[in-house]
Amino acid sequence: MIKLSNNYELPNLGLGTFLMNDDAETKRVILEAIEIGYRHFDTAQMYFNEHVIGDALLASGLKRSEFFITTKLNRHHSKAKTRELIYKSFADLKVDYIDLLLIHWPNHDDKINIQTWEVFEEFYEKGLVKAIGLSNFTRYQMEQLIPHVKIKPHVNQVEMHPGLSQVNLIKYLNDHGIQLMGYGPLMRGNLFNEPYFSVLDKIAKKYKASIAQIAIAWGLAKNVIMIPKSVNKERLGENFNASKIILKEEDIKLIDKLNTGRRMYADPANNVYGNFIE
Ligand SMILES: NC(=O)c1ccc[n+]([C@@H]2O[C@H](COP(=O)([O-])OP(=O)(O)OC[C@H]3O[C@@H](n4cnc5c(N)ncnc54)[C@H](OP(=O)(O)O)[C@@H]3O)[C@@H](O)[C@H]2O)c1
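Given the structure is predicted, the values throughout are model-derived calculations rather than measurements. Throughout this document, residue positions are counted from 1 along each chain, in the order its sequence is written. Residue-level local features of this predicted model are given only where pLDDT is at least 70; pairs of side-chain atoms are given and counted only at 80 or more, and the full residue set underlies all totals for whole chains, interfaces and linings. Water and hydrogen atoms were dropped before computing side-chain values, which therefore reflect all heavy atoms in the structure.

Comments concerning the environment of S230
Link 1 in the chain: Secondary structure counts use DSSP, requiring at least four H or I residues in a row for a helix and at least two E residues in a row for a strand, with both numbered from the N terminus. Here S230 is to be found in the loop between β10 (225-226) and α9 (233-240).
Link 2 in the chain: Buried means the residue's accessible area, taken with a 1.4 Å probe over protein chains only, is under 20% of the maximum for its type, while exposed means over 50%, and partly exposed covers the values in between. Here S230 falls in the buried class, since its relative accessible area comes to 5%.
Link 3 in the chain: Along the primary structure S230 and F18 are separated by 212 residues, whereas in three dimensions their C-alpha atoms are 9.5 Å apart.
Link 4 in the chain: In contact with S230, other than residues within four places in its own chain, are L15, M20, V29, R235, L236 and N239.
Link 5 in the chain: Under the rule applied, a polar contact is a pair of N or O atoms within 3.5 Å (in protein, one hydrogen donor and one hydrogen acceptor; residues adjacent in sequence only if both atoms are side-chain atoms). In terms of polar contacts, S230 uses its side chain to reach the backbone amide nitrogen of N232, at 3.0 Å. For this analysis, residues touch if any pair of their heavy atoms sits within 4.5 Å.

If you want it as structure tokens, here you go:
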């Protein structure tokens, strides 16, 4: 578990669900993941699967306090529309509180980010959302937001993997007590290509582990919440077991050297989701 700055705790290894679009398959995956031991699920309004995740969690018989949901608001809107969309997430997920709610992508207009954040604060203050945060915010975008808010973001979820270690952002987040949540930990499969493969494969052999496990263990060693996605039962188990691997400092440093700032997803400073929608 990882304790956020408001003392709320979340499992440091969760299941990513981007591109899980087939309802029957998603339900099967969530139930298998629960059986394996996953308790933290990362979704988003933009993934169009909150309703299935809600169904699966209900069907699992887990008590509400036994699982954790991170979801993300799709784009930016008027305050009224933002409230409406957040309530829709509650209905789709079939929960009476959300563990972590994130702004999915920053708006290009810093004032709009503040406006959206004010609605997040309302939900947080009502206790409907246990922690509030950002996703894909650069340090600059955070600097334009933080001085104007009542409640500092608890989390920033950004792309993070051996090719993009976020070394500078981590320092800034640590200075502000903001938890990093890393997405795309397997580089959407690119970890298995060079120059990553040779370095990771050598380390993986040393720990009798897989390349995916080493990448996940590397993020966990940096105190980052990791959310690998898989629809395959074997790989779900493999990824989950990465938490048992404790990497030596020398191996962490070897992986750190792979950082070239390589992105598999949009650049947050120039993203296509950044326009205000009324
Ligand atoms: N905030 C944001 O803007 C944002 C953006 C992107 C992603 N995310 C979140 O981060 C999560 C993870 O990122 P991602 O889904 O883009 O990519 P990822 O987790 O880096 O990689 C997923 C890919 O790797 C494969 N895979 C999974 N486990 C594997 C293993 N052990 N060995 C080999 N291949 C494996 C998966 O295929 P199979 O499914 O067939 O196993 C899938 O093709 C997302 O699902 C989403 O929840 C957030």
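Text resumes after the structure shown.
Quick look at the site of the ligand
Link 1 in the chain: A cutoff of 4 Å decides nearness: a residue is near a molecule or strand if any of its heavy atoms lies inside that distance of it. Near the ligand you find 29 residues, and of these D42, L186, S230, R235 and Y265 are the closest.
Link 2 in the chain: Look at the ligand: alone it shows 900 Å² of surface, and the protein chains cover 87% of it.
Link 3 in the chain: Under a 2 Å grid-point criterion requiring more than half of the atoms, the pocket assigned to the ligand is the largest pocket.
Link 4 in the chain: Sort the elements by how many residues they give to the shell around the ligand and α9 lands first, with 3 residues. For every accessible area listed, the method is Shrake-Rupley and the probe measures 1.4 Å; residues are considered covered only by the protein chains on display. A 1.4 Å probe that fits into a set of points on a 1 Å grid over the protein atoms alone but cannot get out defines a cavity; an open set with protein on both sides within 12 Å along at least five of seven lines defines a pocket, and lining residues are those with an atom within 4 Å of a point. The rule for placing a molecule in a cavity or pocket is simple: more than half of its atoms must lie within 2 Å of the grid points.

A short note on the nonpolar core
Link 1 in the chain: For our purposes a nonpolar core is just a set of buried Ala, Val, Leu, Ile, Met, Phe, Trp, Tyr and Cys residues, chained together by side-chain atoms within 4.5 Å. Grouped together as the largest cluster of nonpolar side chains are 72 residues, with contacts concentrated most on L15, F41, I214 and L247.
Link 2 in the chain: With 8 residues, helix α8 (residues 211-221) is the single largest residue contributor to this core.
Link 3 in the chain: With residues near it in sequence (within four places) discarded, I214 still touches L200, I203, A204, Y207, A209, I245, L247 and I255.
Link 4 in the chain: In terms of nonpolar packing, the next biggest core, distinct from the first, is built from 18 residues, I2, M46, L100 and V155 among them.

Observations regarding the pairing of strand β5 (residues 68-73)
Link 1 in the chain: Burial of β5 is extensive: 6 of the 6 residues sit out of reach of the surface.
Link 2 in the chain: Side-chain alternation along β5 places F68, T70 and K72 on one buried face and I69, T71 and L73 on a second face that is also buried.
Link 3 in the chain: A pair of strands counts as paired when DSSP detects no fewer than two bridges linking them. Examined bridge by bridge, strand β4 (residues 40-42) and β5 share 3 bridges and lie parallel to one another. If you follow D42 over to β5, its bridge partner there is T70.
Link 4 in the chain: For the crossover from β4 across helix α2 (residues 50-60) to β5, the handedness is right-handed.
Link 5 in the chain: The pairing of β5 with strand β6 (residues 98-103) spans 4 bridges and is classified as parallel. Residue T70 lies in a different strand from β6, and its bridge partner there is L100. The handedness rule is simple: strands pointing away from the viewer, and a clockwise path from the first strand over the helix to the second, make the crossover right-handed.

Re the environment of L85
Link 1 in the chain: On the secondary structure map, L85 appears in helix α3 (residues 79-93).
Link 2 in the chain: Overall, L85 belongs to the buried group, its relative accessible area being 18%.
Link 3 in the chain: Along the chain, L85 and L73 lie 12 residues apart, while their C-alpha atoms are 7.3 Å from each other.
Link 4 in the chain: Excluding its chain neighbours within four sequence positions, the residues that come into contact with L85 are Q45, L73, N74 and H77.

A few points about unusual backbone geometry
Link 1 in the chain: Residue P195 is bonded to the preceding E194 through a cis peptide linkage, with omega at 10°.
Link 2 in the chain: Although it is not a glycine, M187 adopts a positive phi angle of roughly 55°.
Link 3 in the chain: Along the chain, the position of M187 falls in the loop between β9 (179-183) and α7 (196-206).

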